[in-house]
Structures are given as structure tokens and as C-alpha cells.
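Chains, contacts and geometry: an overview
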Amino acid sequence: MILTGAGVSAASGLDTFRGHGGLWKQFDAEACATATALYTDPLRVWKLISFMRRAARTAKPNPAHQAIAALEHRLSNEQSLTVATQNIDGLHQRAGSGNVIELHGRLSHTRCMSRRCSLEPFEDWELYETQVPRCERCGAPLRPDVVLFEELLPPDAYRATETAVQTCDLFLAVGTSCTVHPACDFVYEARDAGARTMLVNLEPPESTADAFDEIHLGPAEELLPLLLG
Ligand code: OAD
């Protein structure tokens, strides 16, 4: 299995979250990306999402996404590849990956805030920078179909990832700082279940380095085509 983070999409022109020029330098995560913010100041959440949508809607998959998709298509019948991504940009699917778990939701969709409303999440690349959109069915505010801090991961996505983590023979993490729970714990579970563990990242992780058998430092868009090609 492959666990990906924002670094995989850096070469597609999308900002990572941490580090120089990262999104959390431009936006206050607590004020823009928490469940609390969704209730106290939803427009701030939408401003962040609109910023991300503006960049993602014209972004194209890069050689890192393409190398992962190509690997899936080269597998034999006995092999399988699960991609679990913390990214919400949809670029793995656009590169041709078929088996993608979106742990943090999807930027491309909007849903109703009301749990009683029957409106299904719908595709929506609109930017909402001046006004919070409202549900045409029940009038409640709409929200992005993404996972914010203080929220649980979608249960199906979490379960499917746990299964892949516990049964994989290779756990490869790419372009992630390995700092956000629960994704940062998956490498320990995979290692304890007997998988070979690898990291491809621009810089060494702050806290999980001991869990990786191999760490390859460099840009994913250069290293993945070599490692997986
Ligand atoms: P981060 O921004 O925390 O980390 C991105 C990592 O990618 C860093 O360690 C960079 O060194 C590395 N990187 C940057 N460019 C790269 C490249 N070209 N090739 C390889 N590596 C590169 O992003 P994530 O780990 O994805 O969650 O962050 C995890 C979660 O924290 C996000 O999904 C988001 C965020 O808060 C929520 O918003 C819920």
C-alpha cells in the first residue's frame, strides 16, 4: 500500500501544509480548518477551501501520481495496490489510480451541514469567498466535503485503510510529514504486521523515522518513477 500526503502534489503546483510557504503559514489552521470554525465562522473555512479549489481545479497530475497509477496497472492478478491519501485534490484518480481511499475527503464536493437533509454530496468547484452557500433543499449552510480538524475520518475509508495497513507486504509513505493522526500511526501498524516500510520525502520525518526500514530523500516526482518504474 501507498500512503500519500501533500508533497506528492507539490510538483503539480499545490501548496503543502507545513514548511516554508505552506498553507498553515498563510492561513490560521485553528480558525479555518476545524469543526469549531465551521460553526463559529464558516466563511473563513470556505475562504480556505476556495483558495485550495482555485489551485486544484487547474492542477494536473505529475510524474509521482503517474508512477503510482502505472504501478497499479502493471500488477499481476495475485497482487493489489491500495493508495490511501491524505490529499483532497483528486489527482491520484485523475492520473488513473483506481483503488484510492480519500482519508480527508474531497475538495471537489460540497454537502449540507444538516444531518437530517437528504441532499447527497454534489460536485462543486465554485469559490465561496463572500457568502456561505445554502442548501437549496433545506436552507441550512453548505460545507465542503472534507475532513476538518476535530472531526473523525470517514468510517469506511478508515476501515479500508486499516485492512490494507495490516495485510500489506510493502508500506510506502510518500510526501507526508507524518505528523497528523491517525495517518502518522499507520507505519507502526504496518511494521508490526510484518510489512517492509519505506518513506519517500523531501526531508526526514520529525518523529516516525525509526519505523521506516528505508528512507529515500528527494522529490517524489523524481524518485517514484525510478523506484516504481
Ligand atoms: P505536510 O505539509 O505536513 O507535509 C508535506 C511533506 O511533503 C513535507 O514533509 C515535505 O518535506 C514533503 N515534500 C514537499 N515537497 C515534496 C516533493 N516534491 N516530494 C516529496 N516530498 C515533498 O502535508 P501532509 O503530511 O500531507 O489535514 O499533511 C497531513 C495533513 O495535515 C493534511 O492532510 C491536512 C494537514 O493539516 C487536514 O487538513 C485535516
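The coordinates are above.
Values in this document were obtained by computation on a predicted structure and should not be read as measured data. (Residues numbered from 1 in each chain as written. Predicted model: local features only at pLDDT ≥ 70, side-chain atom pairs only at ≥ 80, totals over all residues. Heavy atoms only, no water.)

**Points about helix α4 (residues 42–56)**
Helix length check: α4, at 15 residues, gives a terminal C-alpha distance of 21 Å against a target of 21 Å (1.5 Å per residue), a fit within 8%. Along α4, the residues classified as buried are V45, W46, L48, I49, S50, M52, R53 and A56. Among the structural elements, α1 (23–26), α2 (29–32), α3 (35–40), α6 (91–95), β4 (105–112) and β6 (142–146) are those in contact with the buried residues of α4. (Helix = DSSP H or I, 4+ residues; strand = E, 2+ residues; numbered from the N terminus. Expected span 1.5 Å × (residues − 1). Buried < 20%, exposed > 50% of the residue type's maximum accessible area, 1.4 Å probe, protein only. Contact = heavy atoms within 4.5 Å.)

**Some details on the site of the ligand**
Among the 23 residues in the neighbourhood of the ligand, the closest are listed as F17, R18, T176, S177 and A220. In the model, a nitrogen atom of the ligand is placed 3.2 Å from a nitrogen or oxygen of the L202 main chain. Within the side chain of E221, one N or O atom sits 3.0 Å away from a nitrogen atom of the ligand. Within the complex, the protein chains bury 93% of what would otherwise be the 800 Å² of accessible surface of the ligand. Tallied by class, the residues present in the shell around the ligand amount to ten nonpolar, ten polar and three charged. (Near = heavy atom within 4 Å. Polar contact = N/O pair within 3.5 Å; in protein donor to acceptor, adjacent residues only side chain to side chain. Areas by Shrake-Rupley, 256 points an atom, 1.4 Å probe, with all protein chains shown as cover. Nonpolar A, V, L, I, M, F, W, Y, C, P; charged D, E, K, R; others polar.)

**Remarks on the packing of aromatic side chains**
Summed over all chains, the structure comprises five aromatic pairs. Measuring from centroid to centroid gives 6.2 Å for W24 and F149, while their planes differ by 50°, and the two rings are tilted. Of this pair, W24 sits in helix α1 while F149 sits in the loop between β6 and α7 (155–167), and the two are 125 residues apart along the sequence. Given a relative accessible area of 22%, W24 falls into the partly exposed group. Consider the rings of W46 and Y128, whose centres lie 4.8 Å apart with planes at 75°: the pair is edge-to-face. Note that W46 is positioned in helix α4 and Y128 in the loop between β5 (122–123) and β6, a separation of 82 residues in sequence. Grouping aromatic residues by their ring pairs yields a cluster made of F17, W24 and F149. (Phe/Tyr/Trp six-rings, centres within 6.5 Å; stacked < 30°, edge-to-face > 60°.)

**Description of the nonpolar core**
Of all hydrophobic cores here, the largest spans 22 residues; its most connected members are M1, L3, L103, F171, F186 and F212. When residues of this core are traced back to their parent elements, those giving at least two are α7, β7 (170–174) and α8 (186–192). Ignoring any residue separated from it by four or fewer positions in sequence, one finds F186 in contact with L3, L103, Y158, T161, E162, V165 and F171. Counting 21 residues, the second largest nonpolar core, distinct from the first, contains A33, A56, L91 and V146. (Core = buried A, V, L, I, M, F, W, Y, C linked by side-chain atoms within 4.5 Å.)

**Examining unusual backbone geometry**
P182 follows H181 through a cis peptide bond whose omega is 0°. Relative to the assigned elements, P182 resides in the loop between β7 and α8. With a phi angle near 80°, E150 is a residue other than glycine that sits in the positive phi range. Structurally, E150 is set in the loop between β6 and α7.

**Things to note about the environment of H181**
On the secondary structure map, H181 appears in the loop between β7 and α8. In this structure H181 comes out as exposed when scored by relative accessible area, which is 56%. Spatially, the C-alpha atoms of H181 and F149 are 10.0 Å apart, while their sequence positions differ by 32 residues. A distance of 3.0 Å separates the side chain of H181 from the side chain of D185, its partner in a polar contact.

**Some details on the pattern of salt bridges**
All chains considered together, the criterion is met by eight salt bridges. R53 is the partner of D124 in a salt bridge, and the nearest nitrogen-oxygen pair spans 3.5 Å. One end of the pair, D124, is in the loop between β5 and β6; the other, R53, is in helix α4, and 71 residues separate them in sequence. For the pair D124 and R53, one class covers both residues: buried. Note that R54 is salt-bridged to E129, the shortest N-O span being 3.0 Å. (Salt bridge = Lys/Arg side-chain N within 4 Å of Asp/Glu carboxyl O.)

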